[in-house]
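So you can see what is in the structure, the chains are spelled out below.
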Amino acid sequence: MYQTDPPRSPKEVLPTMYDLKSEDPQEPGLPDEFHDLQPELLRITFRPPSYSPDSVFIASDLNLYYDPRHFNWYKRPDWFAVLGVSRLYEQRDLRLSYVTWQEGVNPFVIVELLSPGTEAEDLGQTLREINQPPTKWEVYERILRIPYYVVFSRYTHQLRVFQNSASRYQELTVSNSRVWMPELELGLGLWQGCYQEIAGLWLRWYDQNQNWIPTPTEQIEQKQQKVEELEAILQRYRQQYGDLPE
């Protein structure tokens, strides 16, 4: 009798992130410096209360593979976050790409930053060509069913947020340049301020009290301010009552 090999699991048969390309020399680079800074600000202020940092994966300009029947099809979001997965690939390695059929969890929120060359596709205004991969909008809306899709234009300062309902995106009302996402216990809004010494209008996350989630630098500054306030109180006490008793 001939002995056959035992059947392999789907995870063994399908390519992993190590098998798939993570970059393409033929692809154009990032269009401007804003596409570096804005995703970074989103990353350092994205802290959903119900998830530990080790169970959240955040990426920008990373290949997102979505179809196990077409291994070479991928999209490259400007920024996305996945909830309930290990921060590291299989808890041991930095990711080269995000391969949905390996991870088992799709991104929860995707942000695209509009540029003249990508605006039509980002807003779902392009049609799928024959024998070509689906458009970005189709992938996010119908294939991966991303719960929240955010589009922001720094040229017009327009923020648009779409929520997925039955595999169709419905645009949400943006009130006071903010949108609350209850599943995250976070909101996303436009903040006028200075980041990396550059003043402008930036996307960033805020908490249930409408406070902007502080960056690590802002947290240090806030602690320092509290120390200075306590020192000022102590100084006034000494001026009025003398030194504190031993």
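For clarity, every value in this text was computed on a predicted model and none was experimentally measured. (Residues numbered from 1 in each chain as written. Predicted model: local features only at pLDDT ≥ 70, side-chain atom pairs only at ≥ 80, totals over all residues. Heavy atoms only, no water.)

Q: Quick one: what's the story with the sheet that holds strand S2 (residues 64-65), residue by residue and with numbers?
A: Ordered in space as S3-S2-S5, the three strands form an open sheet in which the pairing is mixed. Looking along the sheet, the strands with just one partner apiece sit at the ends: strand S3 (74-75) and strand S5 (98-99). Note that S2 and S3 share two bridges and pair antiparallel. The partner of Tyr65 across the bridge, within S3, is Tyr74. (Pairing = 2+ DSSP bridges. Helix = DSSP H or I, 4+ residues; strand = E, 2+ residues; numbered from the N terminus.)

Q: Provide a residue-level description of the environment of Thr126, including the pertinent values.
A: Tracing the sequence through the fold places Thr126 in the loop between helix H4 (119-122) and helix H5 (136-143). For Thr126, a relative accessible area of 33% translates into the label partly exposed. The spacing of Thr126 and Trp137 is eleven residues in sequence and 8.8 Å in space, taken between C-alpha atoms. The residues touching Thr126, leaving out its near neighbours within four places in the chain, are Ala120, Glu121 and Thr135. (Buried < 20%, exposed > 50% of the residue type's maximum accessible area, 1.4 Å probe, protein only. Contact = heavy atoms within 4.5 Å.)

Q: Describe in detail the pattern of salt bridges, supporting the description with residues and values.
A: Taken as a whole, this structure holds eleven salt bridges when the rule is applied. Its salt-bridge partner being Asp32, residue Arg154 comes within 3.6 Å of it at the nearest N-O pair. Note that Arg154 is positioned in the loop between strand S7 (148-153) and strand S8 (158-165) and Asp32 in the loop between helix H1 (10-13) and helix H2 (34-45), a separation of 122 residues in sequence. Its relative accessible area of 34% is what places Arg154 among the partly exposed residues. Residue Asp32 is classed as buried on the basis of its relative accessible area, which comes to 18%. A salt bridge links Arg92 to Glu90; the nearest nitrogen and oxygen atoms lie 3.0 Å apart. The partly exposed category is assigned to Glu90, whose relative accessible area is 39%. (Salt bridge = Lys/Arg side-chain N within 4 Å of Asp/Glu carboxyl O.)

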